[in-house]
Amino acid sequence: MTFESSPEPPRQAAPPPVFALLAAAFRQNLAGTLSIPLADGNTASLIISGARIVQVSHPTTSSAAILNALQRAGILTDRDLHRIERAARKASIPLDEGAVAAGIVSTGTLAAIREALCREAVVALALDRTLQPAATWTPVRGLRESCALPLPFLLREAQKRHGETPNIHRVVSGPQQVFGRSSAGRPHEEERWEDLKVGAGERQVYFFVDGRRTVAELSLATCQSEFEVSRALASLAEGGLVRPIGARDVPPVNARAARSALLRLVALLAAVVLLVGGIAWGSWSGRLAPIPSLADASTDPYRSLIRDAPHQRIVGAARQFQIVFNRPPATFQELLDERLVLPTDARAAALLGLDNTSTVRGVP
């Protein structure tokens, strides 16, 4: 009587090298440095202390990369870069911190951008199986921490992305893919994006989907990483809310340019005809519009527009801040730091209660 050997269960693949070292550091409460040679010849390093990564040295987290991210997001201009360079050189500080010294961005904004870039760099390293890291488990003393990324969060996020990536790639092919709303072809259907049964991050991505923005551009508009945007688009596509836009769905550039030029020409001709007709009619009838008197100044629509502009600007800025940061602005200075309002709007902000309270009255 013979017994056939049962088939062995499939062996699980070993975790990626960086992931394995981060897991060991968390389990054994190790502190030290991971040196990771990169394919482009550079070397990345992760400094671990107290079950956290407190410093990330990587091409995508350098001062230049941080300023580039701020510039692509529309927070910095070319003129601002010159001011930042002067401030950093004068104070002998890193280039990205020069943006704070020059008063262009707030400390909180810079810290949020830096931490987001560090998080994406570490998760990408943790999922790369081609890397050959080297660990030096010696605590680094006197270190200036540039971020605080808990190891349990990073390991869990890496595992989650590893499981989600295949399904996401079935829908989102890359950062240059464009998505449009599925209801765009059904103009008679009413849609209220704020009432969608989706998460806050997905709702934010859906708000900016317009059939023209790429995944990379949606990432800048929503202040989310490209992976988070891809994850949201895959979920929205599964729910039938968005769909990929192919080349045949987008009119050629020349056609769009010609159509736009024709529309501008027609609008200009119409404006000229109306202007000439109005002048001729006024000259013929002798009834040119009288200048509003002081008594009618309070009801003049133009004066009302100028008077109400700060109020409307504050309300709109507070709604945009809520969408981007998923919380209401705490102070008027936060809106000013993000360049959503003007310094002259401070009085309107005070009347709306933004100077001392955390929300603007009248903003849902």
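Residues numbered from 1 in each chain as written. Predicted model: local features only at pLDDT ≥ 70, side-chain atom pairs only at ≥ 80, totals over all residues. Heavy atoms only, no water.

Peer 1: When you look at the sheet that holds strand E3 (residues 52–57) in this model, what are you seeing that I'm missing?
Peer 2: Pairing between sheet strands relies on hydrogen bonds along the backbone, with the strands arranged either parallel or antiparallel. With respect to topology, five strands assemble into an open sheet ordered E4-E1-E2-E3-E5, the strand pairing being antiparallel. In the strand order of this sheet, the two ends are held by strand E4 (134–136) and strand E5 (149–150), each with one partner. Where strand E1 (residues 32–37) lies against strand E2 (residues 43–49), six bridges are found, and the strand directions are antiparallel. Within E2, the residue paired with Leu34 across the bridge is Leu46. (Pairing = 2+ DSSP bridges. Helix = DSSP H or I, 4+ residues; strand = E, 2+ residues; numbered from the N terminus.)

Peer 1: How should I be thinking about the layout of surface pockets in this particular structure?
Peer 2: Empty space among the atoms becomes apparent when a probe as large as a water molecule is rolled across them. Considering only enclosed or pocket space, the second largest pocket measures out at about 400 Å³ in volume. Lining the second largest pocket are 20 residues, with Pro94, Asp96, Glu97, Arg114 and Ser146 positioned closest to its centre. Contributing elements (two or more residues each) for the lining of the second largest pocket: E3, helix H2 (63–72), helix H4 (95–101) and helix H5 (107–127). With five residues, the single largest contributor to the lining of the second largest pocket is H5. For the lining of the second largest pocket, the per-class residue count stands at seven nonpolar, eight polar and five charged. (1 Å grid on protein atoms, 1.4 Å probe; cavity = no way out; pocket = protein on both sides within 12 Å on 5 of 7 lines; lining within 4 Å. Points joined across faces, edges and corners; volume = space filled by probe spheres on them. Nonpolar A, V, L, I, M, F, W, Y, C, P; charged D, E, K, R; others polar.)

Peer 1: Is there a simple way to explain the confidence of the model for the protein chain in this structure?
Peer 2: Predicted coordinates in regions of low pLDDT should not be interpreted in detail. Here the protein chain averages 78 in pLDDT, while 73% of its residues score no lower than 70. Contacts for the low-pLDDT stretch residues 251–255, under 50 throughout, to residues beyond four places or in other chains number one contact. Of the regions scoring below 50 in pLDDT, residues 291–303 engages in three contacts with residues more than four places distant in sequence or in other chains. (pLDDT = per-residue confidence, 0-100. Contact = heavy atoms within 4.5 Å.)

Peer 1: Hey, could you run me through the nonpolar core in this one?
Peer 2: Within the largest apolar cluster, 26 residues are counted, with the highest numbers of intra-cluster contacts made by Leu22, Ile36, Leu46, Ile53, Val122 and Leu125. The set of elements that each furnish at least two residues to this core consists of helix H1 (17–28), E1, E2, E3, H5 and helix H6 (151–171). Sequence-distant contacts of Leu22, that is, excluding residues within four places in its chain, are made with Leu34, Ile48, Ile53, Val122, Ala126, Leu151 and Leu155. If you look at the next biggest cluster of nonpolar residues, it comprises 18 residues, including Ile168, Phe179, Ala232 and Val242. (Core = buried A, V, L, I, M, F, W, Y, C linked by side-chain atoms within 4.5 Å. Buried < 20%, exposed > 50% of the residue type's maximum accessible area, 1.4 Å probe, protein only.)

Peer 1: Got a minute to help me understand the side chain of Ser106 in this structure?
Peer 2: Structurally, Ser106 is set in the loop between H4 and H5. According to the relative accessible area criterion, Ser106 is buried, its value standing at 18%. Excluding residues within four positions of it along the chain, Ser106 makes contact with Val100 and Asp337.

Peer 1: What is the right way to look at the packing of aromatic side chains in this model?
Peer 2: The description of an aromatic ring pair uses the distance of the two centres, along with the angle that the planes make with each other. The final tally for this structure, using the stated rule, is one aromatic pair. Judged by centre distance (5.0 Å) and plane angle (85°), the ring pair of Phe207 and Phe208 falls under edge-to-face. Phe208 sits in the buried class, given a relative accessible area of 16%. Above the face of the Tyr206 ring, Arg181 is positioned so that its terminal group lies 4.4 Å from the ring centre. (Phe/Tyr/Trp six-rings, centres within 6.5 Å; stacked < 30°, edge-to-face > 60°. Lys NZ or Arg CZ within 6 Å of the ring centre and 35° of its normal.)

Peer 1: In this structure, what is going on with the pattern of salt bridges? I would like to understand it.
Peer 2: Any two side chains of opposite charge can pair if their charged atoms end up close together. Taken as a whole and assessed by the stated rule, the structure comprises 13 salt bridges. The shortest N-O distance in the salt bridge between Glu228 and Arg119 comes to 3.7 Å. In this pair, Glu228 sits in helix H9 (residues 226–238) while Arg119 sits in helix H5, placing the two residues 109 residues apart along the sequence. On the basis of relative accessibility, which here comes to 18%, the residue Arg119 falls in the buried class. Arg212 is the salt-bridge partner of Asp210, the closest N and O atoms lying 3.3 Å from each other. Note on Asp210: relative accessible area 28%, which makes it partly exposed. A single network of salt bridges, built from pairs that share partners, joins Arg119, Glu120, Glu157, Arg161, Glu164, Glu228 and Arg231. (Salt bridge = Lys/Arg side-chain N within 4 Å of Asp/Glu carboxyl O.)

Peer 1: How should the environment of Leu125 be read in this particular structure?
Peer 2: Following the sequence through the fold, Leu125 ends up in helix H5. Between the alpha carbons of Leu125 and Pro16 there is a distance of 8.8 Å; along the sequence they are 109 residues apart. Sequence-distant contacts of Leu125, that is, excluding residues within four places in its chain, are made with Val18, Ile36, Leu38, Ala44, Leu46, His58 and Leu131.

Peer 1: Sorry if this is basic, but what is going on with H2 here?
Peer 2: Because an α-helix completes one turn every 3.6 residues, residues spaced three or four positions apart along the sequence face the same direction. Where H2 is concerned, the buried positions are Ala65, Ile66, Leu67, Ala69 and Leu70. Where the residues of H2 are buried, they touch helix H3 (78–91), H4 and H5. Remark: Gly74 follows H2 within two positions and exhibits a positive phi of approximately 85°.

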